[in-house]
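Structural description and commentary
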Amino acid sequence: MRRTLAYAALGAGVLGLVAGWPPVASAWKAGIPGGGHIATLVQPVAVFGKDDRTHLPAKYRALREKIGLLFNLRSRTVCTAFCVAPDIIATASHCLFSTAGERAPRLADFWFARNYDAAREYARIAGHNTRSAAQHVMAGSTHLNVHPPIDATRDWALVRLARPICSKGVLAVRALPAEQIEKEAAAKRVFQISYHRDFTPWKPAYSHPCRAGRNFGSGGWTALSRDFYEPSLLVLHTCDTGGASSGSPLLLETAHGPEVIGINVGTYVQSRVLIHDGQVTERLKADTVANTAVAAAAFAGMLDTFRHAAILSSRQRIRELQGALKKHGFYAGPADGVYGPELRRAIEAYERAQGLPATGLATQTLLKRLSGGAVRARS
């Protein structure tokens, strides 16, 4: 038995998904993608029983203003994302960085289109025009594993936009333990709203009250949890999904309106294979166990930090940060003033060593801390 996580966001060549590029045509107006659709035939990635996806019920139509498409024309990727602050969206990390072994798209090439079907208000990632877009993304991981240990619970990202286009409101985020999510799902209060490649004409779809919890598959939670990193932050669910649903909010109906309790990230699949002398000789039918979401508890505490972070805006200041981290044994790369994966990892290592939340952000506060006080060097 082989286990993997099939991601439902990307285009051609990703885990057997059928390619398609529906969100925008090739027309451009003032540098902004124009309207239009390219027809495509795409099979649903994970539908449990009959396909229960419908257009938004009247009581949820206002949520269209808080959800949109995150896409990249160059890499032909498309996901769902949602507003959590006037200039910040949340989505799945793999939508931005791909998965382990794949080449990550350029962050500067991403667009977010809020309420794509109607408003189509566009924005790019902050820093896209100064080669600093990476500094405006906080993610649980930028190098995700789809094979055990699957780190689906790190598959979240917060993205600062170049302008505050989430002007019609934001979705509240609520951190709930997995046991509470299971109880809420049993009470039929958990649902999903997302864009899907196969749900035309690119209107957000509603997956009505669906099962969520832990007891999926023949092996039960004890067996399944061994496949995942930090399984306490994992939510397995049966909301019907299609391609481009990665990054969509898993929602809870509350007295104050829908609140985000997780981010949909992929589909957990168990594939049966025959192996002879260490080589796969035959692939048998795969079993789709459940869809996976990362619980909001994994990222809810980071949102306020990200909102108020004073990001270093010049290459000179980044060079100063690189030098300070190198001095204390956390950074071994060049002092080139470029915020890249090596610098992000060095910042996270420093933050963990100091007992701080691992944000990976290059901020004025971090530089001041490194430059002005005693620091425990990496052993």
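Residues numbered from 1 in each chain as written. Predicted model: local features only at pLDDT ≥ 70, side-chain atom pairs only at ≥ 80, totals over all residues. Heavy atoms only, no water.

**Concerning the layout of surface pockets**
As a volume, the largest pocket reaches approximately 1200 Å³. Lining the largest pocket are 43 residues, with Phe-97, Ala-134, Thr-142, Tyr-339 and Arg-344 sitting closest to its centre. Of all elements in the fold, only α1 (93-97), α5 (315-327) and α6 (341-353) reach the threshold of two or more residues within the lining of the largest pocket. Across the lining of the largest pocket, the residue classes tally to 19 nonpolar, 14 polar and ten charged. A volume near 270 Å³ is recorded for the second largest pocket. If you trace the second largest pocket, you find 13 residues lining it, with Thr-305, Glu-351, Thr-359, Thr-363 and Thr-365 closest to the centre. (1 Å grid on protein atoms, 1.4 Å probe; cavity = no way out; pocket = protein on both sides within 12 Å on 5 of 7 lines; lining within 4 Å. Points joined across faces, edges and corners; volume = space filled by probe spheres on them. Helix = DSSP H or I, 4+ residues; strand = E, 2+ residues; numbered from the N terminus. Nonpolar A, V, L, I, M, F, W, Y, C, P; charged D, E, K, R; others polar.)

**Describing the pattern of salt bridges**
Tallied over the full model, the rule gives 13 salt bridges. Taking the shortest distance from any N to any O, the salt bridge between Asp-52 and Lys-50 comes out at 2.5 Å. Classification of Lys-50 as exposed rests on a relative accessible area of 61%. Here Arg-106 ties to Asp-109 by a salt bridge, and the two come within 2.9 Å at their closest N and O atoms. (Salt bridge = Lys/Arg side-chain N within 4 Å of Asp/Glu carboxyl O. Buried < 20%, exposed > 50% of the residue type's maximum accessible area, 1.4 Å probe, protein only.)

**A short note on the pairing of strand β9 (residues 121-124)**
Looking at chain direction, strand β8 (residues 110-114) and β9 are connected through four bridges and run antiparallel. Residue pairing across strands places Trp-111 opposite Arg-124, the latter belonging to β9. Counting the residues between successive antiparallel strands, the hairpin from β8 to β9 contains six residues, one of them, Asn-115, with a positive phi of roughly 45°. (Pairing = 2+ DSSP bridges.)

**Focus: the environment of Pro-231**
Here Pro-231 is to be found in the loop between α3 (220-225) and β16 (234-237). Excluding residues within four positions of it along the chain, Pro-231 makes contact with Arg-214, Trp-221 and Ser-225. (Contact = heavy atoms within 4.5 Å.)

**With respect to the packing of α5 against helix α7 (residues 364-372)**
Here α5 crosses α7 at 45°, and the two axes come no closer than 10 Å. When the axes of α5 and α7 are compared, the pair comes out oblique. Considering how the two elements wind past one another, α5 and α7 form a crossing that is left-handed. Contacts from Arg-317, Glu-320, Leu-321, Ala-324 and Leu-325 of α5 reach α7 at Leu-366, Leu-367 and Leu-370. (Axes fitted to C-alpha atoms, helices over the stretch in contact; angles between N-to-C directions. Parallel < 35°, antiparallel > 145°, perpendicular 65-115°, else oblique. Left-handed = near helix turned anticlockwise from the far one by under 90°.)

**A few points about α7**
Buried residues of α7: Leu-366, Leu-367 and Leu-370, and no others. Angularly, the buried residues of α7 cover 95° about the axis, an arc narrow enough to put them on a single face. Exposed side of α7, more than 90 degrees from the buried face: Thr-365, Lys-368 and Gly-372 are the residues found there. Looking at the buried side of α7, the elements it contacts are α5 and α6. (Arc of directions from axis to C-beta.)

**What about α6?**
The first and last C-alpha atoms of α6 sit 18 Å apart over 13 residues, in line with the 18 Å expected at 1.5 Å per residue. Summarising the contacts, the buried residues of α6 are in contact with α1, β10 (137-139), α5 and α7. At the exit of α6 stands Gly-355, carrying a positive phi of roughly 75°. (Expected span 1.5 Å × (residues − 1).)

**Digging into the environment of Ala-353**
With respect to the helices and strands, the residue Ala-353 is situated in helix α6. Once the C-alpha coordinates of Ala-353 and Phe-330 are considered, the two residues, 23 residues apart in sequence, prove to be 9.7 Å apart.

**Details of the sheet that holds strand β7 (residues 88-91)**
The strand order β9-β8-β5-β6-β7-β11-β10 describes an open sheet built from seven strands, whose pairing is antiparallel. Whereas interior strands pair on both sides, the edge strands pair on one side only; in this sheet they are β9 and β10. Taking each pair of neighbouring strands and ignoring which way they run, the sheet shows an average axis angle of 30°. Each of β6 (77-85), β7, β10 and β11 (157-160) is contacted by helix α4 (residues 300-307), which is oriented at about 20° to β11, the strand it contacts most.

Interpretation note: all reported values are geometric properties and have no functional meaning in isolation.
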